[in-house]
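Architecture and fold: a report
Residue strings, one per chain:
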Amino acid sequence: MGEEMNDNSMKADDAPANNENGGNILSEESGVKYFTLEEIKTHNMSKDTWLIIHDKVYDITSFLEEHPGGEEVLLEQAGADATESFEDVGHSTDAREMLDQYFLGELHEDDRKKEKSTVVVSALVSWPNASVLFPFLNTSSWTMWLIPAAAAALVGLMYRYYLLEHKSS
């Protein structure tokens, strides 16, 4: 009786990309809905506006008129990833907390962007002779900031010397 398993339960990874829920996928473990990029792209009008910020999907339709920067800036990003624009503006903590009330779900794992720097470094590290040509990839973290700091100090000293030479002439 209690040992029967329900074979009809569906996990987010097993679900088809477009199901009867209108394309979104519901993960039973966490209760989070996952949306595909194709579905999000269809919500790009002033009457139906969705944004992606840090791989989370928000329906900001009701916020358009309240946005201090105007609704145009939001509509430019509608149906797309607005993470870079959101961070470039430097939104306050209050603005970040406001996002919670517009949260719909998350971007499907297949549509998420990988960090470019992570991809480059992992490609370099996996390259056979990477440690010979790029020894800094295998060093500790203090050398990662020491070399740029020393270079910046050297450039600063050269600049000061240049200014002193031109003031005296």
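Residues numbered from 1 in each chain as written. Predicted model: local features only at pLDDT ≥ 70, side-chain atom pairs only at ≥ 80, totals over all residues. Heavy atoms only, no water.

With that settled, consider the overall build of the protein. If you tally the helices and strands in the protein, you get 7 helices and 6 strands. The N-to-C order of helical and strand elements in the protein reads β-β-α-β-β-β-α-α-α-β-α-α-α. With 169 residues in all, the protein has 24% of them scored as buried. Intrachain contacts of the protein at a sequence separation of at least 6 include 51% that bridge at least 24 residues. With an accessible surface of roughly 12800 Å², the protein has 56% of that area assigned to carbon and sulfur atoms. (Helix = DSSP H or I, 4+ residues; strand = E, 2+ residues; numbered from the N terminus. Buried < 20%, exposed > 50% of the residue type's maximum accessible area, 1.4 Å probe, protein only. Contact = heavy atoms within 4.5 Å. Areas by Shrake-Rupley, 256 points an atom, 1.4 Å probe, with all protein chains shown as cover.)

Applying the stated criterion to the full structure yields 3 salt bridges. Note that glutamate 87 and arginine 96 form a salt bridge whose closest N and O atoms lie 2.9 Å from each other. Look at glutamate 87 and you get partly exposed, because its relative accessible area is 31%. Connected via shared salt-bridge partners are Glu106, Glu109 and Arg112. (Salt bridge = Lys/Arg side-chain N within 4 Å of Asp/Glu carboxyl O.)

For strand S2 (residues 33–35) and strand S6 (residues 103–107), the ladder comprises 2 bridges, and the chain directions are parallel. Among the inter-strand pairings, tyrosine 34 is bridged to a residue of S6, identified as glutamate 106. Bridge count for strand S5 (residues 56–59) against S6 is 3 bridges, and the pairing is antiparallel. Looking across to S6, one finds that lysine 56 is bridged to glutamate 106. (Pairing = 2+ DSSP bridges.)

Moving on: the confidence of the model for the protein. In the predicted model, the protein carries a mean pLDDT of 74, and 63% of its residues have values of at least 70. Taken element by element, the predicted model of the protein shows its lowest mean pLDDT in helix H5 (residues 116–126) (48) and its highest in S5 (93). Contacts from residues 1–21, a stretch scored under 50 in pLDDT, to residues over four places away or in other chains number 18 contacts. Note on residues 116–120: pLDDT is under 50 here. Beyond four places in sequence and across chains, it has 1 contact. (pLDDT = per-residue confidence, 0-100.)

A word on the environment of lysine 113. With respect to the secondary-structure elements, lysine 113 resides in the loop between S6 and H5. In this structure the C-alpha to C-alpha distance between lysine 113 and aspartate 55, which are 58 residues apart in sequence, comes to 8.5 Å.

To continue, consider the packing of aromatic side chains. Within a pair of aromatic rings, the relevant descriptors are the distance that separates the centres and the angle that separates the planes. Applying the stated criterion across every chain yields a total of 3 aromatic pairs. Between the aromatic rings of tyrosine 58 and phenylalanine 103, the centroid separation amounts to 5.9 Å while the plane-to-plane angle is 70°, which identifies the pairing as edge-to-face. Here phenylalanine 103 lies in strand S6 and tyrosine 58 lies in strand S5, a separation of 45 residues in the sequence. By relative accessible area, which is 5% here, tyrosine 58 ends up buried. Relative accessible area serves as the criterion here: at 34%, phenylalanine 103 is assigned to the partly exposed category. (Phe/Tyr/Trp six-rings, centres within 6.5 Å; stacked < 30°, edge-to-face > 60°.)

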